[in-house]
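Observations on the three-dimensional arrangement
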Amino acid sequence: MLPTLRQLQYLKLLVEHGSFGRAAEAAHVTQPTLSAGIQELERCLGAPVAERARTGVILTPMGEEALRRARIILTEAEELVEAAKNASQPLTGRFRLGVIPTIAPFLLPRALPLLRERFPKLRLFLREDLTHRLVAALRAGQLDAALIALPYELAGLHYAHVANDELLAALPANDPLAGQASVSPQAMEKQGLILLEDGHCLREHALAACGLKPPRAAAGEEVFAATSLPTLVQMVGSGLGVTFLPAMAVEAGLTDAAPVAVRPIKADHPSREIVVAWRAGSSRGAEGRLLADTLR
C-alpha cells in the first residue's frame with residue numbers, strides 16, 4: 001500500500017502550521033480527518049512520522065525523510081497539473097515569479113502592462129526578495145521562475161537572457177569627479193564607496209566588474225551601507241560617499257529628485273546580466289523562455 005498525495009499534503013501542512021488544528025484548517029478538513037490521514041500514512045510506512053509536544057509537532061527521523069520526499073512528490077504533481085493546463089496556452093493561469101529588489105521597481109512598471117496585454121489569462125503572483133532566497137525557492141518548487149541578475153551560482157537551474165544592465169557611477173552633484181566625462185573605479189574608491197548591504201548581489205556585481213574589494217572602515221569608524229537603492233541615492237546626495245547604480249534604475253528616474261550626478265565608469269563592460277531562471281526539468285521552462293523573450 002502506497003501513501004496518497006493527500007496524506008503527503010497533510011504531513012507538509014502539519015509541519016508548516018505546527019499543529020493538527022491549524023493544518024486541518026489549511027487543508028479545509030476537520031481535525032479528525034487530518035489526524036486519520038497522518039495515521040494512515042504511518043501505517044503505510046510502518047513507522048511514526050510525528051509526535052505531539054507542548055511546543056507543537058515534532059517529526060521523527062522517518063517523518064523528516066517522509067517530509068523531504070513529500071515536498072518533491074507534491075511539487076512534481078503540481079507541475080504535472082500546470083503542464084496539462086498550459087499545454088496549449090503558455091503563460092495562462094497561476095505563475096509564481098520572484099524578482100530581486102534592484103530590478104522589481106524599475107522593470108515591472110513597464111513590463112506588467114505588456115504582459116497583461118499579451119497574456120490576458122495569466123495570473124501573476126510576484127515575490128520580491130534577495131537572490132539567494134529566490135534561488136532556494138526555485139529549487140524547492142515554491143516559484144515557477146525568477147528575474148535575477150548574473151553572475152550568480154545557478155547549479156540545478158536553467159535561464160534565458162533578458163538584457164545587459166550597465167553599471168554607472170553615482171556621485172554628489174558638487175563632487176570634483178562630477179565634472180569628468182567618466183570616472184575610474186579607483187577614483188571612486190578614494191572618495192569613499194557606499195554599497196548595498198550584504199545579501200544584495202548588485203554589491204558583488206559592482207565590485208567584481210570594477211576589480212575592487214569591499215570597503216573597510218578605518219580604526220574607530222564605520223562603513224556605510226544601505227538597505228535599498230533609494231536609500232543609497234539619498235546617502236550619496238547627502239555627501240556621504242559615492243556608489244554604483246544600474247542604468248535600469250537611473251533610466252527609471254531614481255536619481256531625478258536627488259542632488260546626484262551620474263557618470264559612465266572607466267572599466268571593461270561594467271554591467272550585470274538580467275535573466276529569467278527556472279528549475280532544471282520544470283514543466284514551466286518553455287514559459288520561462290517566453291517570459292524572457294517578452295521582457296527583452
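A brief structural summary. Residue positions within a chain follow its written sequence, with the count starting from 1. Note on the predicted model: pLDDT of at least 70 is required for a residue's local features to be given, and 80 or more for side-chain atom pairs to be given and counted; whole-chain, interface and lining totals, by contrast, use all residues. Hydrogens and water are ignored here; the side-chain numbers use all heavy atoms of the structure.

A few points about the overall build of the protein chain
Rule in force here: A helix here means a DSSP run of H or I that spans at least four residues, while a strand means a run of E at least two residues long, and both kinds are numbered starting from the N terminus. Whether a residue is buried, partly exposed or exposed follows from its accessible area with a 1.4 Å probe, protein chains only, as a fraction of its type maximum: under 20%, in between, or over 50%, in that order. Whether two residues are in contact is decided by their heavy atoms: any pair within 4.5 Å suffices. Residue-level accessible areas treat just the shown protein chains as cover; the underlying method is Shrake-Rupley with a 1.4 Å probe.
When you go through the protein chain residue by residue, the secondary structure sums to eleven helices and eleven strands. Taken along the three principal axes of its C-alpha coordinates, the protein chain extends 75 × 55 × 30 Å. Sorting the 296 residues of the protein chain into buried and exposed places 46% on the buried side. Sequence-distant contacts in the protein chain: of pairs separated by 6 or more residues, those separated by 24 or more amount to 71%. Of the roughly 15200 Å² that the protein chain leaves accessible, carbon and sulfur atoms contribute 53%.

What about the pairing of strand 11 (residues 271-279)?
What counts is decided by this rule: The pairing criterion is simple: DSSP has to find at least two bridges between the two strands.
Of all nine residues that make up strand 11, seven are buried, and the element is covered over most of its length. Bridging between strand 5 (residues 145-150) and strand 11 involves five bridges; their strand directions are antiparallel. Along strand 11, the bridge assignment pairs Leu 150 with Glu 273. Note: strand 6 (residues 157-172) against strand 11, nine bridges, orientation antiparallel. For His 158, the partnering residue across the bridge sits in strand 11 and is Trp 278.

Let's talk about the nonpolar core
Buried together is how nonpolar side chains tend to be arranged in soluble globular proteins. Basically, it comes down to this: In these notes, a set of buried Ala, Val, Leu, Ile, Met, Phe, Trp, Tyr and Cys residues joined through side-chain atoms within 4.5 Å is what counts as a nonpolar core.
Counting residues in each nonpolar core, the largest one holds 74 residues, and the members touching the most others are Ile 103, Leu 147, Ile 148, Leu 229, Phe 244, Leu 245 and Val 276. Ignoring anything within four residues of it in the chain, the contact list for Leu 229 reads Thr 102, Phe 106, Leu 196, Leu 202, Leu 245, Pro 246, Ala 249 and Leu 254. Formed by 19 residues, the second largest nonpolar core is a distinct cluster that contains Leu 34, Ile 38, Leu 59 and Leu 74.

A few points about the packing of helix 1 (residues 5-17) against helix 2 (residues 20-27)
Going by this rule: Angles shown run from 0 to 180 degrees and are taken between the N-to-C directions of axes, each axis being a line fitted to C-alpha atoms and, for helices, limited to the stretch in contact. Angle categories are assigned with fixed cut-offs, so that under 35 degrees is roughly parallel, over 145 is roughly antiparallel, 65 to 115 is roughly perpendicular, and the rest are oblique. Crossing handedness is defined as follows: a turn of the near helix away from the far one that is anticlockwise and smaller than a right angle gives a left-handed crossing, while the clockwise case is right-handed.
In the contact formed by helix 1 and helix 2, the axes pass within 8 Å of each other and the chain directions differ by 125 degrees. Of the possible angle classes, the one that applies to helix 1 and helix 2 is oblique. Crossing of helix 1 against helix 2: the hand is right-handed. Seen from helix 1, the contacting residues are Arg 6, Tyr 10, Leu 13, Leu 14 and His 17; seen from helix 2, they are Phe 20, Arg 22, Ala 23, Ala 26 and Ala 27.

Focus on the pattern of salt bridges
Basically, it comes down to this: The term salt bridge refers to a pairing of a side-chain nitrogen on Lys or Arg with a carboxyl oxygen on Asp or Glu at a separation within 4 Å.
Scanning all chains against the criterion turns up 13 salt bridges. Note that Arg 133 and Asp 129 form a salt bridge whose closest N and O atoms lie 2.8 Å from each other. For Arg 133, a relative accessible area of 41% gives the class partly exposed. The network of salt bridges with common partners includes Arg 96, Asp 144, Arg 284 and Glu 287.

Topic: helix 2
Put simply, the rule is: As used here, the arc belongs to the directions running from the helix axis to the C-beta atoms.
For helix 2, the set of buried residues is Phe 20, Ala 23, Ala 24 and Ala 27. The buried residues of helix 2 occupy an angular sector of 100 degrees when projected down its axis, which confines them to one face. One or two steps after helix 2, the chain reaches His 28, where phi turns positive at roughly 60 degrees.

As for the environment of Ala 84
As for its placement among the helices and strands, Ala 84 is situated in helix 4 (residues 61-86). Taking the relative accessible area as the measure of exposure, Ala 84 reaches 58% and is therefore exposed. In the structure, Ala 84 is positioned 179 residues away from Arg 263 in sequence and 50 Å away in space, judged by C-alpha atoms.

Some points on the packing of helix 2 against helix 3 (residues 31-45)
In plain terms, the rule: When residues are sorted by character, Ala, Val, Leu, Ile, Met, Phe, Trp, Tyr, Cys and Pro go into the nonpolar class, Asp, Glu, Lys and Arg into the charged class, and all the rest, Gly among them, into the polar class.
Between helix 2 and helix 3, the least distance of the axes is 8 Å, while the angle of their chain directions is 100 degrees. It follows from the interaxial angle that helix 2 and helix 3 lie roughly perpendicular. The residues of helix 3 that touch helix 2, namely those facing Phe 20, Gly 21, Ala 23, Ala 24 and Ala 27, are Gln 31, Leu 34, Ser 35 and Ile 38. Across the contact of helix 2 with helix 3, the residue classes break down as six nonpolar, three polar and no charged.

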